Amino acid sequence: MRIVLVGCSLALLASACTAAASSSTVANTSSADSTARDSAAHKAHESYVRVINSNNIDSLTSLMTEDVVFLAANAPPIVGKPAVRAWAVDYLKAFKTKWDKPVQEFVVSGDYAFERYKYTSTDTPIGGGKDIVDTGWGLVVYHRDADGTWRVARDAFGPDHPASGK
């Protein structure tokens, strides 16, 4: 009987150790996956700023979800990639733009990432004239699509000063 109890105890101990090792491997893999996911999400910010500053509409819209929404101060929401594309085409016909968007906060949660930023934008009129410089705030929601690419799902932004009396 003693041999059976010792044998059972050893079997249970071995089983527990195997489960703990397996659990540790899952935790390490999850941690590594999480780190890679977070890194890719942060790179989405860098890519977004780069394509904004490229002034290339195809590059810009390639980083947007189909249901993207732009929320600009003092303007109605722009909903869906075709609508945002049309708005951006009109904007880029009028201006060459350059944005500096330092991140103030970045949180990744599953397939979503939330970024709070401040910005300085410089718009140079295509037809000539003085540059228009603006400063403000923004909030971007990124979504990791089925292909693994992080894309802009929502971008809300506005000036950090009262509207001018134009």
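As the structure is a prediction and not an experimental result, all values here were calculated from the model. (Residues numbered from 1 in each chain as written. Predicted model: local features only at pLDDT ≥ 70, side-chain atom pairs only at ≥ 80, totals over all residues. Heavy atoms only, no water.)

(A) Looking closely at the overall build of the protein chain. Helices and strands together make up the secondary structure of the protein chain, namely three helices and seven strands. The buried share of the protein chain, taken over its 166 residues, is 31%. Looking at the protein chain alone, contacts between residues at least 24 apart form 52% of all its contacts between residues at least 6 apart. Total accessible area on the protein chain stands at roughly 10200 Å², and carbon and sulfur atoms take up 61% of it. (Helix = DSSP H or I, 4+ residues; strand = E, 2+ residues; numbered from the N terminus. Buried < 20%, exposed > 50% of the residue type's maximum accessible area, 1.4 Å probe, protein only. Contact = heavy atoms within 4.5 Å. Areas by Shrake-Rupley, 256 points an atom, 1.4 Å probe, with all protein chains shown as cover.)

(B) Spotlight on unusual backbone geometry. Phi angles above zero are rare outside glycine, and Asn-55 is one such case at about 60°. Although it is not a glycine, Asn-74 sits at a positive phi angle of roughly 60°. Within the secondary structure layout, Asn-74 lies in the loop between strand 1 (64-72) and strand 2 (78-79). Here Asn-74 falls in the exposed class, since its relative accessible area comes to 74%.

(C) Region of the structure containing the packing of aromatic side chains. Tallied over the entire structure, the rule returns nine aromatic pairs. Ring geometry for Trp-99 versus Phe-157: centroids 6.1 Å apart, planes at 85°, classification edge-to-face. Of this pair, Trp-99 sits in strand 3 (residues 95-100) while Phe-157 sits in strand 7 (residues 150-159), placing them 58 residues apart in sequence. Phe-157 shares its class with Trp-99; the two are buried. (Phe/Tyr/Trp six-rings, centres within 6.5 Å; stacked < 30°, edge-to-face > 60°.)

(D) Structural view of the environment of Val-84. In this fold, Val-84 is placed in helix 3 (residues 81-94). It is 9.7 Å that separates the C-alpha atoms of Val-84 and Asp-67, two residues lying 17 residues apart in sequence. Once you skip the residues sitting within four places of it in the chain, Val-84 turns out to touch Met-64, Val-68, Phe-70 and Ile-78.

(E) Expanded view of the nonpolar core. Formed by 26 residues in total, the largest nonpolar core has its most connected members in Tyr-48, Leu-60, Phe-70, Ala-113, Tyr-142 and Trp-150. Contributing elements (two or more residues each) for this core: helix 1 (2-54), helix 2 (57-62), strand 1, helix 3, strand 4 (103-109), strand 5 (112-125), strand 6 (132-144) and strand 7. Residue contributions to this core peak at five residues, all from helix 1. (Core = buried A, V, L, I, M, F, W, Y, C linked by side-chain atoms within 4.5 Å.)

(F) Inspection of the pairing of strand 6 at higher detail. Here strand 5 runs beside strand 6; their pairing, made up of 12 bridges, is antiparallel. Note on strand 6: the bridge partner recorded for Thr-120 is Thr-135. Between strand 5 and strand 6, which pair antiparallel one after the other, the connecting turn spans six residues, and Gly-128 there sits at a positive phi close to 100°. Relative to strand 7, strand 6 runs antiparallel, the two sharing nine bridges. Across the sheet, Val-141 pairs through a bridge with Arg-154, a residue of strand 7. Hairpin connection from strand 6 to strand 7: five residues lie between these consecutive antiparallel strands, with Gly-148 at a positive phi of about 90°. (Pairing = 2+ DSSP bridges.)

(G) Just the environment of Trp-87, in detail. Relative to the elements of secondary structure, Trp-87 occurs in helix 3. For the pair Trp-87 and Phe-70, spaced 17 residues apart in the sequence, the C-alpha separation amounts to 9.8 Å. Beyond its immediate sequence surroundings of up to four residues, Trp-87 is in contact with Phe-70, Ile-78 and Phe-157.

(H) Quick peek at the pattern of salt bridges. Applying the stated criterion to the full structure yields eight salt bridges. In this structure, Asp-38 and Arg-37 form a salt bridge, with 2.9 Å as the shortest nitrogen-oxygen distance. Assessed through its relative accessible area of 18%, Arg-37 is described here as buried. When the shortest N-O distance is used, the salt bridge between Asp-111 and Arg-144 registers 2.6 Å. Separated by 33 residues along the polypeptide, Asp-111 in the loop between strand 4 and strand 5 and Arg-144 in strand 6 bring together distant segments of the chain. You can call Asp-111 partly exposed: its relative accessible area is 34%. Among the ionic contacts, a cluster of salt bridges with common partners joins Asp-145, Asp-147 and Arg-151. (Salt bridge = Lys/Arg side-chain N within 4 Å of Asp/Glu carboxyl O.)

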